[in-house]
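Summary of structural features
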Amino acid sequence: MTSVNVTTQTSSVTVTDATSSTAVTTSSASTVTATTAGPRGPVGPSGLVVDSAAKVNGSVVYYDGSEFKADATWTTSTLTDGGNF
């Protein structure tokens, strides 16, 4: 966890990371909160991003080592060798 040490009171705060810097200036007392994307990166509204660009009827969601996918590689038919799923 990153820590912040306050050494002086000021109405301007600059938050800097490896790629950018953001300055916040206010004329009254306020709270500044700085957040960054977590190790998973951005996620969809349900919390999971699935590449479904190549989806077909019966697609099963799987993880290929870099992302979640739903395509013709794994379907209800390929998992059961043509049987019922």
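So, here's what we can say about the structure. Here the structure is a predicted model, which is why all the values come from computation and not from measurement.

Quick look at the overall build of the chain
When you go through the chain residue by residue, the secondary structure sums to one helix and five strands. The secondary structure elements of the chain, listed N-terminal to C-terminal, are β-β-β-β-β-α. Taken over 85 residues, the chain has a buried fraction of 7%. Look at the contacts in the chain between residues 6 or more apart in sequence, and 0% of them connect residues 24 or more apart. Here the chain displays about 7200 Å² of accessible surface, and carbon together with sulfur accounts for 53% of that area.

Examining the side chain of Asp-71
Mapping Asp-71 onto the fold places it in the loop between β5 (68-69) and α1 (76-79). Nearest to the buried, unbridged Asp-71 among oppositely charged side chains is Lys-69, at 4.9 Å. Side chain to side chain, Asp-71 and Tyr-62 meet in a polar contact 3.0 Å long. Ignoring sequence-local partners within four residues, the contact set of Asp-71 consists of Ala-54, Lys-55, Val-56, Ser-59 and Tyr-62.

Remarks on the pattern of salt bridges
Pairs can form between side chains of opposite charge once their charged atoms are near each other. Under the defined criterion, the tally for this structure stands at two salt bridges. Across the pair Asp-64 and Lys-69 runs a salt bridge, and its minimum N-O distance is 3.1 Å.

Topic: the packing of aromatic side chains
Any pair of aromatic rings gets described here by the distance separating the centres and the angle formed by the planes. Here the structure, examined in full by the defined rule, presents one aromatic pair. Ring geometry for Tyr-63 versus Phe-68: centroids 5.0 Å apart, planes at 55 degrees, classification tilted. Overall, the relative accessible area of 48% leaves Tyr-63 in the partly exposed class. You can call Phe-68 partly exposed: its relative accessible area is 31%.

Points about the environment of Lys-69
Residue position: Lys-69 is located in strand β5. Considered as a pair, Lys-69 and Lys-55 are 14 residues apart in the sequence and their alpha carbons are 8.3 Å apart. Setting aside residues no more than four positions away along its own chain, Lys-69 makes contact with Val-50, Asp-51, Val-60, Val-61, Tyr-62 and Asp-64. One polar contact links Lys-69 to Asp-64, side chain to side chain, over a distance of 3.1 Å.

Cut-offs applied
- Residues numbered from 1 in each chain as written.
- Predicted model: local features only at pLDDT ≥ 70, side-chain atom pairs only at ≥ 80, totals over all residues.
- Heavy atoms only, no water.
- Helix = DSSP H or I, 4+ residues; strand = E, 2+ residues; numbered from the N terminus.
- Buried < 20%, exposed > 50% of the residue type's maximum accessible area, 1.4 Å probe, protein only.
- Contact = heavy atoms within 4.5 Å.
- Areas by Shrake-Rupley, 256 points an atom, 1.4 Å probe, with all protein chains shown as cover.
- Lys, Arg positive; Asp, Glu negative; His and termini not counted.
- Salt bridge = Lys/Arg side-chain N within 4 Å of Asp/Glu carboxyl O.
- Polar contact = N/O pair within 3.5 Å; in protein donor to acceptor, adjacent residues only side chain to side chain.
- Phe/Tyr/Trp six-rings, centres within 6.5 Å; stacked < 30°, edge-to-face > 60°.

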